[in-house]
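Topology and contacts: notes
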Amino acid sequence: MADLLAFNNDKFDINEWIEKAIIEKNDDENMESYLASIAMKLHLMSQDYTDQLETGMIESITTMPRILSEITRLEETLVSIDNEMVDLALQLKKLDQRNV
């Protein structure tokens, strides 16, 4: 049976793959049924990839609001810390001036 993992190769050549698939056919097997079998496997593989892609997109869409909320919260925390550092620096400066 034709190697479906060849599709993962970056240098995949469709013509070469088809020729190899036809050469690999058993002599006692009907060409039409053999090609139909390969077409069905390709269709199933395509459906699996489509399902995986759809699942990934749904996960991305559902997690994006949570991620944006977390980023906003972190930004607010950083602003608060920055303000506290400025206040602390002013207090240290005042303390330094009193001790001089």
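Structure shown above.
Residues numbered from 1 in each chain as written. Predicted model: local features only at pLDDT ≥ 70, side-chain atom pairs only at ≥ 80, totals over all residues. Heavy atoms only, no water.

1. A look at the overall build of the protein chain
To keep things clear, this is the line we draw: Strands are runs of DSSP state E lasting at least two residues, helices are runs of H or I lasting at least four, and both sets are numbered from the N terminus onward. Throughout, radius of gyration means the C-alpha value; the globule benchmark is 2.2 Å times the number of residues raised to the power 0.38. In this scheme, a residue with accessible area under 20% of its type's maximum is buried, one over 50% is exposed, and one in between is partly exposed, where area comes from a 1.4 Å probe on protein chains only. Note on contacts: a residue pair is in contact if any heavy atoms of the two residues lie within 4.5 Å. For every accessible area listed, the method is Shrake-Rupley and the probe measures 1.4 Å; residues are considered covered only by the protein chains on display. When charges are counted, Lys and Arg contribute as positive and Asp and Glu as negative, whereas His and the chain ends are disregarded. Taken as the charge centre is NZ of Lys, CZ of Arg, CG of Asp or CD of Glu, depending on the residue.
Counting secondary structure elements, the protein chain contains 2 helices and 0 strands. Radius of gyration (C-alpha) of the protein chain: 31 Å, far over the 13 Å computed for a compact globule of 100 residues. With respect to the principal axes defined by its C-alpha atoms, the protein chain has extents near 100 × 25 × 15 Å. Within the protein chain, buried positions represent 7% of all 100 residues. Intrachain contacts of the protein chain at a sequence separation of at least 6 include 41% that bridge at least 24 residues. Working note: accessible area of the protein chain is about 8,800 Å², and carbon and sulfur atoms make up 58% of it. Treating the 9 positive side-chain charges of the protein chain as one cloud and the 21 negative ones as another, the clouds have centres 14 Å apart.

2. Overview of the pattern of salt bridges
A side chain of one charge can pair with a side chain of the opposite charge if their charged atoms are brought near each other. Filter applied, for reference: Any Lys or Arg side-chain nitrogen located within 4 Å of an Asp or Glu carboxyl oxygen qualifies as a salt bridge.
Evaluation of the coordinates by the stated rule reveals 1 salt bridge. A salt bridge links Arg73 to Glu70, with the shortest nitrogen-to-oxygen separation between them at 2.6 Å. Taken together, the residues Arg73 and Glu70, both in helix H2 (residues 31-99) and 3 residues apart, mark about one turn of the helix. Classification of Arg73 by relative accessible area gives partly exposed; the value is 41%.

3. Considerations on a nonpolar patch on the surface
To be explicit about the condition: Residues enter patches when their relative accessible area tops 30% and they take part in no salt bridge; the joining distance is 9 Å for like charges and 5 Å for the nonpolar side chains Val, Leu, Ile, Met, Phe, Trp and Tyr.
On the surface, a nonpolar cluster with roughly 580 Å² of combined accessible area is contributed by Leu78, Ile81, Met85, Leu88, Leu92 and Leu95. By the secondary structure assignment, Leu92 is in helix H2.

4. A few points about the environment of Thr62
In this fold, Thr62 is placed in helix H2. Here Thr62 falls in the exposed class, since its relative accessible area comes to 55%. Between the C-alpha atom of Thr62 and that of Leu44, which follows or precedes it by 18 residues, the distance is 27 Å.

5. Some remarks on H2
Which entries qualify depends on this criterion: Here a helix's expected span is defined as the number of its residues, less one, multiplied by 1.5 Å. Here the bend at a residue means the angle between the axes of two seven-residue stretches, the one that ends at it and the one that starts at it. Residues adjacent in sequence count toward polar contacts only when both atoms are side-chain atoms; beyond that, a polar contact is any pair of N or O atoms within 3.5 Å, and within protein one must be able to donate a hydrogen and the other to accept it.
Here H2 is 69 residues long and its end C-alpha atoms lie 97 Å apart, about the 102 Å a rise of 1.5 Å per residue gives. The sharpest bend along H2 measures roughly 35° and falls at Thr63, with the proline Pro65 sitting one to four residues further on. Looking at H2, one finds that the buried residues are Tyr34, Ile38 and Met45. Where H2 is buried, its residues meet helix H1 (14-23). N-capping of H2 is provided by Asn30, with a side-chain oxygen placed 2.8 Å from the backbone N of Glu32.

6. Regarding the packing of H1 against H2
Put simply, the rule reads: Where helices are involved, their axes are fitted lines through C-alpha atoms of the stretch in contact, as for all axes, and angles between N-to-C directions lie from 0 to 180°. With respect to orientation, any angle under 35 degrees is reported as roughly parallel, any angle over 145 as roughly antiparallel, any angle of 65 to 115 as roughly perpendicular, and every other angle as oblique. Handedness of a helix crossing follows the sense of rotation of the near helix relative to the far helix, less than a right angle counterclockwise being left-handed and clockwise being right-handed. When residues are sorted by character, Ala, Val, Leu, Ile, Met, Phe, Trp, Tyr, Cys and Pro go into the nonpolar class, Asp, Glu, Lys and Arg into the charged class, and all the rest, Gly among them, into the polar class.
Contact pair H1 / H2: the axes reach a minimum separation of 11 Å and the direction vectors enclose 130°. As judged from the angle between their axes, H1 and H2 are oblique. Between H1 and H2 the crossing geometry is right-handed. Contacts between H1 and H2 involve Trp17, Ala21 and Ile22 from the first element and Met31, Tyr34, Leu35, Ile38 and Leu42 from the second. Broken down by class, the residue content of the contact of H1 with H2 amounts to 8 nonpolar, no polar and no charged.

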